[in-house]
Amino acid sequence: MENKKKKSKLLIASLIIIAGIVIAVTVGGIIQAIVKAGTVKVDKINLKLTDANGNESKELRDWEPGDIDMISWKVKNIGTAAVYTRNKLQIYWNEPVDDELKVIYLYPANMSRQEILNDFKKGEEAEYAIPVEIGTIDFGGSVGEKVGIQYEFLGDVLDGTKMTGKSQEVDYNLQANVKTTDDNSSTEDDIAFYILFSPKTSFVFENKTVTINVITEAMQCTAEGKAEWQIVDSQSIGD
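Here goes a summary of the coordinates provided.

Analysis parameters
- Residues numbered from 1 in each chain as written.
- Predicted model: local features only at pLDDT ≥ 70, side-chain atom pairs only at ≥ 80, totals over all residues.
- Heavy atoms only, no water.
- 1 Å grid on protein atoms, 1.4 Å probe; cavity = no way out; pocket = protein on both sides within 12 Å on 5 of 7 lines; lining within 4 Å.
- Points joined across faces, edges and corners; volume = space filled by probe spheres on them.
- Helix = DSSP H or I, 4+ residues; strand = E, 2+ residues; numbered from the N terminus.
- Nonpolar A, V, L, I, M, F, W, Y, C, P; charged D, E, K, R; others polar.
- Salt bridge = Lys/Arg side-chain N within 4 Å of Asp/Glu carboxyl O.
- Buried < 20%, exposed > 50% of the residue type's maximum accessible area, 1.4 Å probe, protein only.
- Arc of directions from axis to C-beta.
- Contact = heavy atoms within 4.5 Å.
- Polar contact = N/O pair within 3.5 Å; in protein donor to acceptor, adjacent residues only side chain to side chain.
- Pairing = 2+ DSSP bridges.
- Axes fitted to C-alpha atoms, helices over the stretch in contact; angles between N-to-C directions.
- Phe/Tyr/Trp six-rings, centres within 6.5 Å; stacked < 30°, edge-to-face > 60°.

Re empty space enclosed by the protein
Part 1 of the argument: Overall, the coordinates contain one cavity of 30 Å³ or more when judged by the stated rule.
Part 2 of the argument: Of the volumes computed, that of the largest cavity is approximately 60 Å³.
Part 3 of the argument: If you trace the largest cavity, you find it lined by Trp93, Leu101, Val103, Ile104, Ile134, Val147, Gly148 and Ile149.
Part 4 of the argument: A total of three residues in the lining of the largest cavity trace back to one element, the largest contributor, which is strand S7 (residues 145-154).
Part 5 of the argument: Residues of the lining of the largest cavity, tallied by class, amount to seven nonpolar, one polar and no charged.

Shown next as structure tokens:
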């Protein structure tokens, strides 16, 4: 009888030890996962629109055919984790227009305005216009469908405050041009493009207004983290 009691006690003690090990491993794993996950967070992107005279504006109502304005913003990682980044730039008409009329063009920001106009004049042979989606953008809800252009692209890989050594630079400019609007920072990404309104714009666009919208996303730069893009900021000009 005593042997049975001893065996029972030993069995119970063994189960308690095993349970303790399982709990310790589980808790340890959770703590380790939290440490590895870090935080994905960027500062406000500070979306800017600048005209040919260097004046900043928060609307695009007085545009003229042939105008070339600069759109720029900055993605700064202020989270603990290093992150991949990507951006979606949308430029669309607030009023109904024909979605087959090509009016808005996107160019690298280190070209001169004259270089852009010279390239545009080449028509089908134009070399430097950035390939964008042209047509209808469906926002759903109360906004509905809008006509314009959309450009989605990967940005810099940015170091975090605790996860460093991961940064990679993306240059949005023409390599042939020395002047650049890019940066050399491991935690910030300076982004800029020129917007050209076609000199051949039809009179049907007279008094039409434009909205510029930027959506910035980030994803943790580690195999242990969740492979999910998160919207970290979104700003608009002109809506």
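Brief notes about the pattern of salt bridges
Part 1 of the argument: By the definition in use, this model includes eight salt bridges.
Part 2 of the argument: Across the pair lysine 74 and aspartate 190 runs a salt bridge whose closest N-O atoms are separated by 3.6 Å. One end of the pair, lysine 74, is in strand S3 (residues 68-76); the other, aspartate 190, is in strand S8 (residues 188-197), with 116 residues separating them in the sequence.
Part 3 of the argument: With a shortest N-O distance of 3.9 Å, glutamate 188 and lysine 76 are connected by a salt bridge. Highlighted residues: glutamate 188 in strand S8 and lysine 76 in strand S3, separated in sequence by 112 residues.
Part 4 of the argument: Overall, lysine 76 belongs to the partly exposed group, its relative accessible area being 31%.
Part 5 of the argument: Each of Lys74, Lys76, Glu188 and Asp190 takes part in salt bridges that share partners, so that together they form one network.

Side note on helix H2 (residues 113-120)
Part 1 of the argument: Within H2, burial applies to Ile116, Asp119 and Phe120. What you see down the axis of H2 is that its buried residues fit within an arc of 100 degrees, all on one side.
Part 2 of the argument: Residues of H2 that are buried in the fold lie against S3, strand S5 (104-108) and S8.

Focus on the side chain of asparagine 213
Part 1 of the argument: When you line up the elements, asparagine 213 lands in strand S9 (residues 210-220).
Part 2 of the argument: A distance of 2.6 Å separates a polar atom in the side chain of asparagine 213 from a polar atom in the side chain of serine 236.

A word on the sheet that holds strand S4 (residues 83-93)
One key point about sheets: their strands pair by backbone hydrogen bonds, in either a parallel or an antiparallel sense.
Part 1 of the argument: If you walk across this open sheet you meet the five strands as S6-S7-S4-S9-S10, and the pairing is antiparallel. The strands lining the two open edges of the sheet, one partner per strand, are strand S6 (133-138) and strand S10 (230-237). Recorded for the sheet is a direction-independent mean angle of 30 degrees between the axes of neighbouring strands.
Part 2 of the argument: By the bridge criterion, 11 bridges tie S4 to S9 in an arrangement that is antiparallel. Its bridge partner being in S9, arginine 86 is matched across the sheet by glutamate 217.

Some words on the packing of aromatic side chains
Between two aromatic rings, the relevant description is the distance of the centres plus the angle of the planes.
Part 1 of the argument: Across all of its chains, the model carries 13 aromatic pairs by this definition.
Part 2 of the argument: Summarising the aromatic geometry, the rings of tryptophan 93 and phenylalanine 205 are spaced 4.8 Å apart at their centres and angled 45 degrees between planes, so their arrangement reads as tilted. Remark: phenylalanine 205 occurs in the loop between S8 and S9 and tryptophan 93 occurs in strand S4; sequence separation between them is 112 residues.
Part 3 of the argument: One aromatic cluster in this structure is built from Trp73, Tyr151, Phe153, Tyr172 and Phe193.

Some details on unusual backbone geometry
Part 1 of the argument: Here the phi dihedral of asparagine 46 falls at roughly 55 degrees; this positive angle occurs in a residue that is not glycine.
Part 2 of the argument: Residue asparagine 46 is classed as partly exposed on the basis of its relative accessible area of 43%.
Part 3 of the argument: You will see that asparagine 207, though not glycine, has its phi angle at about 70 degrees, which is positive.
Part 4 of the argument: Within the secondary structure, asparagine 207 is located in the loop between S8 and S9.
Part 5 of the argument: Under the relative-accessibility criterion, asparagine 207 is labelled exposed at 70%.

Read these as spatial facts, not as claims about activity.
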